[in-house]
Each structure stands twice: as structure tokens, then as C-alpha cells.
Amino acid sequence: MAKYEPILLKNMLQPGYRGLLEEYRAVGGYTAFEKVLKEISPAEVIEIVKKSGLRGRGGAGFPTGLKWSFIPKDYPGPRYLCCNADESEPGTFKDRQLIERDPHQMLEGIGIACHAIGSHQAYIYIRGEFDLGAEIIQRALNEAYAAKYFGKNIFGTGFDLEVVLHRGAGAYICGEETALLESIEGKRGKPRTKPPFPAIHGLYQEPTVVNNVETLANLPYIINRGADWYAAIGTPKSTGTRVFCVGGHVKRPGNYEVPMGISLREMIYDIAGGIRGDKQLKAVIPGGASAPFLKPEHLDTPMDFEAIKEVGSMLGSGGVTVMDESVCIVWAATNLMEFFHHESCGKCTPCREGSAWILQILRRIEGGLGRPEDIDQLIMLCGRIEGKTVCAFGEAEVGPILSTIKHFREEYEQHIREKHCPFRPNAKLVMAH
Amino acid sequence: MKLKVLSEAAREKIEAQFPKYPDKRSVCLAALRIAQEELGHVSEPAMIDIAELLELTPVQVYEVATFYTLYNLKPIGKFLIQVCKTLSCALVGAESVISHLENTLGIAIGETTKDGLFTLKVVECLAACGSGPMMQINDRYYEQLTPEKIETILGDLKREGQSKLATGPFMLPVLQG
Ligand SMILES: Cc1cc2nc3c(=O)[nH]c(=O)nc-3n(C[C@H](O)[C@H](O)[C@H](O)COP(=O)(O)O)c2cc1C
Ligand code: FES
């Protein structure tokens, strides 16, 4: 692992580093925030971030500087920044580590982003289950307020900024940016129709930017070391490093920060130690549960936004889930569909009803009662969800189904032909409830 | 205004959240959490109290309480065990953790032990996918579970109310030295 220089994990990889303010300050913490407030105008910060090529780490990979530039410049009312610490995409566990091991990095990023978009109020939306993470962020906020990095007249520049920790209460959909805004407003987390986009009508209908924890954590380094330095890491269109979360059947699961563009093969076999028990690789999800499955033939694909998209999947949240030859693909697809069905917020009929229907068919196939027409029925149902929902959850839930049918159709057919699961012969039929 | 079930202390905690937001309604999630901490679950009378404090209608609170999974609408055991069953955990043995817990505790998913100590739930991904199988018990995570570890954790909780096997600040792979 010493091969690549970590940026975001660097501090926490020092033995004894606990992420306290004094430790963060000893490695240059908050100097980038001070620098932008004293020397760099908001417009220039946006230019620097655009030039760095930084793209969102939350899932969609949207260029960060460009997103900020959509905030109306002359808007007279308040604007908001929301830090997305919902981390709920299955397979993803990086923000948790960034938060619990080095929270000030993210807080400093929030400060820089607020300066860039002219916001004086930020909310950190953390998923409700992260009790320890919430305690650690609150402790870090208290430290930062005591040191006058937040509050009134920061660094004597006249810039005011309040940062509030807002805890969720259990709902995957609140990671979706507009559902997140609804949740901060104290409502059910149901996504809003876009447009209008949050940059125009966001939190409390005011201009708002939502950025992921990892995206924000990169900002201090981009400011201090420069856009050119950052842009030189990774590939021309997917710059910088990325913290990939590798889980499933690998020998050394974990969070690994590498330049974007290394191959899936290197990630799985070199960095994460290869497949447990030296079995064969069967399938891999490269970017969280919403990303379509890939096969061993895709192992030499570079892990950057474009290349992964080209082979029919997406880099998404950076959660890499590895499955060995013993895994039943229909079972894996059923497991994920249970997740999506459970988490569908219920707003859009195609997603709410379609997820239940798809799950029922998958359970039937896995349980040995599949019908020959079921596979085409699944494809048809997916087509009626995709692109027909308010948020991207619709695309997310059909990804695992369509991709497993595309790459492993024969395995679906075998289940139906032989009337049982070849991998789990005793799998019982469970109907949707 | 007299509250039905929430204490004055809970009222103070809820009101202390108001300055954080331009709108009191934003405090709804936090208020439900505070009520649950005090009462163990959120009952309808507690929702009515919250509606009073936040100047909302009871149904505006009810719809939030019934949307998010972390609010218990019925009383539960002292320790709420939530086992993750999503793919990454399922690949490394979540099913056997669930059946081990069912057997050890003598309850099925969704039930509470007779002594009122443990409630068992199965939940979706908790962002610990590299360190599965895992479970959350009250406010702490327990990861890389084995049958032996589970025994120790349950024993610790019964005796001391907490367990040293809870995960601290997260790091994976774990730092050497
Ligand atoms: C169903 C769904 C769930 C999402 N969950 C998360 C999440 O847990 N964390 C996150 O940062 N982004 C999540 N996103 C992406 C956000 O909507 C948003 O694009 C992101 O937070 C923007 O930040 P970025 O530009 O820094 O990536 C999700 C999107 C969808 C459609
Ligand atoms: S799959 Fe179990 S914590 Fe993510």
C-alpha cells in the first residue's frame, strides 16, 4: 500500500493520531480555511476547485466547482451548505472512517465551501445509526468553536459561519440530496422533483449546495497544494484519489485510498489481498449497491468515472463488493432487491410497486418456483421503473437486476429449469410481505 | 401548556434545539429522538407533546415517526440488537449470526426476551460492510462477529450494561502497532 501517497487517510495512518484539533493543527489544519478567508475571493476558490477537476464522491461524480457556480451570485437571502454524511449506500464505509478518525478535515472543507458559495449556515446530515460518529463530530465542532474557527468574525475577517449537526433517523433515501433537505426540514425524507435544483430552491427554498463528506475533505489540500497538483493525480477526467471501500470475499477488506484509474484487478488482488480461500472471482460491484454487477472479464478496467461507465456500471460511492464462485447470483440480486424494496420511500408508484413485484419474482426463482417467462417479466418491470421516478433510486434498483440478467442469464435459467437453487438447494420460497 | 408524557427536562432539551434552525419543524427528528431516549419508545401521547412544542399538528409528527426506522413505536427491550443482513454482511455470514442470536436468546426476529432485556431486529446496511458480520446494540457497533464474540457481548451487556468489544473510532484495515 505504500505505493500510493494517501491524502485523506494520511493523518489517521500516523500511529496515535486521534483526530483532535491540536493534532490536526499540528499538521497544518485550518491554514487553508484561514488562507481563503484572508486572501482568496469566493470566485477564485470556485475557479481553483474547477481547475482541480474535483468531482463529487457521493455517487454522481458531479464537478464540485461547477455545482457551486450554480448558486446565484447576487442572491440577497441566506444560502446553505449541507454536508452529506448519510453514508447509506450498501458496500460503502469510508465516510464513517473519515468522520471518526479525522473529523476536522471535513469541517475545514465545510468552511472553505461556505466561503466559496457565500453561506453562513451549514448543516451536517449524519445517518441516525452513527452514534459514535455524531459524538465525535460534536466534540470536533465544540473544539472548532472554542478555537473560533466557527461562529462570528472568523480569523477577524468579518466572516460568520454556524455549523449544525443534524442527525437522521434511519432511511437510506435521505442520502438523496433533496430527500436530505426534506429531512432537515423535519419532514418525511421524500425526494423532490427536479428542477428546480437545490442550487436555486434548496433547504427552506433557499439556494443550497449538498456535498459528500469525502468531497469536502479534499478541499483543504486542494487549497494548500494547488489545483495543478491535485489535477495531476488520477486520470485527466477523474482527478485525485478516492477512498475505495473493499468488502465481501477479499482477504483484506478495508478502506484504501488510491489515485483514480488503477485497475479493478489491482484493487482486488494486490491491495485487498485477493479472494478468500484463493477461490475464483465470480462478480464484483464497483460502486455501491446501486452500481450494476461486473464480471472477471472487466478486471482490467480502470477505476475512474468514465471507464467504469463504459463497461456498463458506475463508480458511484466507491463501495467495491467482491463475490467469489460460491455465490448464487440470483440470491445476491434478491438480497439487494430486499434492500431496495425496504428502502423505497413510496412516493413514486413504479418504484414502490415495482420493487415489491420484482422481489416477489426473484424470491420465486430462487425458491425453485420460477417460470420461464419470469426473466423477461423482470426486464419489462425494470424498464417501467427506470427513468420514471422522481429520483435516481429508480435507476439504482434496476441496476443489479438488469446486470445480473445480462451477465448471468444462464444461471437464472438454470434455477427455473432445475426448479431449485444450484448453490443453495434448500432455499425456501419466501413471499414478499 | 401542560405536557402529557414528556418531562420538563425533555422539553428543555427540545427547546434548546430551536436556535439551530430557522423553523421549529426542523427539530422534529431530534425531538422524537429525545422522547425515545426518555420513554424507550415514541407513543402517540409523546407525539402530541412534540406537536405542541413545535407548533405542528399531531399528524405532522406522526408521519415522521412512522417514516424513519429508528423510532420504536412500541416498547422494546433494554438492549436493541440490530443485525445487518445486506449483501456484504450476508456474504460473510450474517445468516448464521441471526440464527445464532435466535437460538441463544430463544426468540425470533422482531421479538423481545421474556426478561425484557433483548429485542432482536434485522436491518439493512449500517456502513460496516468491510467488517461484517456485524450488529448494532443500542448506540454501539459490534463487528467481525463470531459465535464466541456474540456470547461475550451478550454476557457483558447483561452484567455491566456495556461491552468492551464495541467498536471505537473506525479504521479498516486496522492499524498495525
Ligand atoms: C438513492 C440515493 C442515495 C444516495 N445516498 C447518498 C449517501 O448516502 N451519501 C452521499 O454522499 N450521497 C448520496 N447520494 C448522492 C446525493 O444525492 C448527492 O448527489 C451527493 O451527496 C452530492 O455530493 P457530491 O457532489 O459531493 O457527491 C444518493 C443519491 C441517491 C439517488
Ligand atoms: S452490508 Fe452490512 S453493514 Fe453494509
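Quick caveat, the model's predicted, so the values are computed rather than measured. (Residues numbered from 1 in each chain as written. Chains lettered and ligands numbered in written order. Predicted model: local features only at pLDDT ≥ 70, side-chain atom pairs only at ≥ 80, totals over all residues. Heavy atoms only, no water.)

1. As for the pairing of strand E1 (residues 80–85) of chain A
Residues and elements named next belong to chain A.
Part 1 of the reasoning: With 6 of 6 residues buried, E1 is to be regarded as a mostly interior element.
Part 2 of the reasoning: Side-chain alternation along E1 places Tyr-80, Cys-82 and Asn-84 on one buried face and Leu-81, Cys-83 and Ala-85 on a second face that is also buried.
Part 3 of the reasoning: Sheet topology places E1 next to strand E2 (residues 121–126); 6 bridges connect them, and they run parallel. Residue pairing for E2: Ala-85 is matched across the bridge by Ile-126.
Part 4 of the reasoning: Examined bridge by bridge, E1 and strand E5 (residues 208–212) share 5 bridges and lie parallel to one another. Of the residues in E5, the one forming a bridge with Cys-83 is Asn-211. (Buried < 20%, exposed > 50% of the residue type's maximum accessible area, 1.4 Å probe, protein only. Helix = DSSP H or I, 4+ residues; strand = E, 2+ residues; numbered from the N terminus. Pairing = 2+ DSSP bridges.)

2. Some details on the sheet that holds strand E8 (residues 281–285) of chain A
Residue and element names in this part refer to chain A.
Part 1 of the reasoning: The sheet built from 4 strands is open, its strands ordered E7-E6-E9-E8 with mixed pairing. Two strands lie at the open edges of the sheet, namely strand E7 (254–259) and E8, each paired on one side alone. Between one strand axis and the next, the sheet turns through 30° on average, direction left out of account.
Part 2 of the reasoning: Inspection of the sheet shows strand E6 (residues 241–248) paired to E7 by 6 bridges, in the antiparallel sense. Its bridge partner being in E7, Arg-242 is matched across the sheet by Val-258.
Part 3 of the reasoning: Contacting E6, E7, E8 and strand E9 (319–324), helix H11 (residues 264–271) runs over the sheet at an angle of about 135° to E7. (Axes fitted to C-alpha atoms, helices over the stretch in contact; angles between N-to-C directions. Contact = heavy atoms within 4.5 Å.)

3. Notes on the site of ligand 1
Residues and elements named next belong to chain A.
Part 1 of the reasoning: Taken together, the neighbourhood of ligand 1 is formed by 18 residues, with Gly-58, Lys-67, Asn-84, Asn-212 and Thr-215 sitting nearest.
Part 2 of the reasoning: Within the side chain of Asn-84, an N or O atom sits 2.9 Å from an oxygen atom of ligand 1.
Part 3 of the reasoning: In this structure, Glu-177 approaches ligand 1 through a main-chain N or O atom, which is 3.0 Å from an oxygen atom.
Part 4 of the reasoning: The protein chains hide 90% of the 610 Å² of surface that ligand 1 would expose on its own.
Part 5 of the reasoning: With 3 residues, the single largest contributor to the shell around ligand 1 is E5.
Part 6 of the reasoning: Looking at side-chain class alone, the shell around ligand 1 contains 4 nonpolar, 8 polar and 6 charged residues. (Near = heavy atom within 4 Å. Polar contact = N/O pair within 3.5 Å; in protein donor to acceptor, adjacent residues only side chain to side chain. Areas by Shrake-Rupley, 256 points an atom, 1.4 Å probe, with all protein chains shown as cover. Nonpolar A, V, L, I, M, F, W, Y, C, P; charged D, E, K, R; others polar.)

4. Some remarks on the packing of aromatic side chains
Residue and element names in this part refer to chain A.
Part 1 of the reasoning: For the coordinates displayed, the defined rule picks out 21 aromatic pairs over all chains.
Part 2 of the reasoning: Where Phe-62 meets Phe-70, the ring centres are 6.1 Å apart and the plane angle is 55°; that geometry is what we call tilted.
Part 3 of the reasoning: Plain terms: the ring middles of Tyr-80 and Tyr-123 are 6.2 Å apart, the flat faces sit at 40° to each other, and that makes the pair tilted. Linking Tyr-80 in strand E1 with Tyr-123 in strand E2, this pair joins segments that are 43 residues apart in sequence. This pair shows no difference in class: Tyr-80 is buried, exactly as Tyr-123 is. (Phe/Tyr/Trp six-rings, centres within 6.5 Å; stacked < 30°, edge-to-face > 60°.)

5. Structural notes on the domain arrangement of chain A
Residues and elements named next belong to chain A.
Part 1 of the reasoning: Domain annotation of chain A identifies domain 1 (11–231), domain 2 (241–324) and domain 3 (329–418).
Part 2 of the reasoning: Each partner contributes residues to the interface: domain 1 has 11 residues there, and domain 3 has 9 residues.
Part 3 of the reasoning: Here domain 1 packs against domain 3, burying approximately 860 Å² in sum over the two surfaces, 73% of which is carbon and sulfur.
Part 4 of the reasoning: Three residues stand out in domain 1 for area buried against domain 3, namely Tyr-172, Lys-190 and Pro-191, and they jointly supply 53% of the buried area on that side.
Part 5 of the reasoning: At the boundary of domain 1 with domain 3, the tally comes to 0 salt bridges.
Part 6 of the reasoning: At the surface where domain 1 touches domain 3, the tally comes to 3 residue pairs in polar contact (both at pLDDT 80 or more).
Part 7 of the reasoning: Here the side of domain 1 that touches domain 3 is built from residues that sort into 5 nonpolar, 3 polar and 3 charged. (Domains from an automatic or database assignment. Buried area = accessible area lost by both parts, 1.4 Å probe. Salt bridge = Lys/Arg side-chain N within 4 Å of Asp/Glu carboxyl O.)

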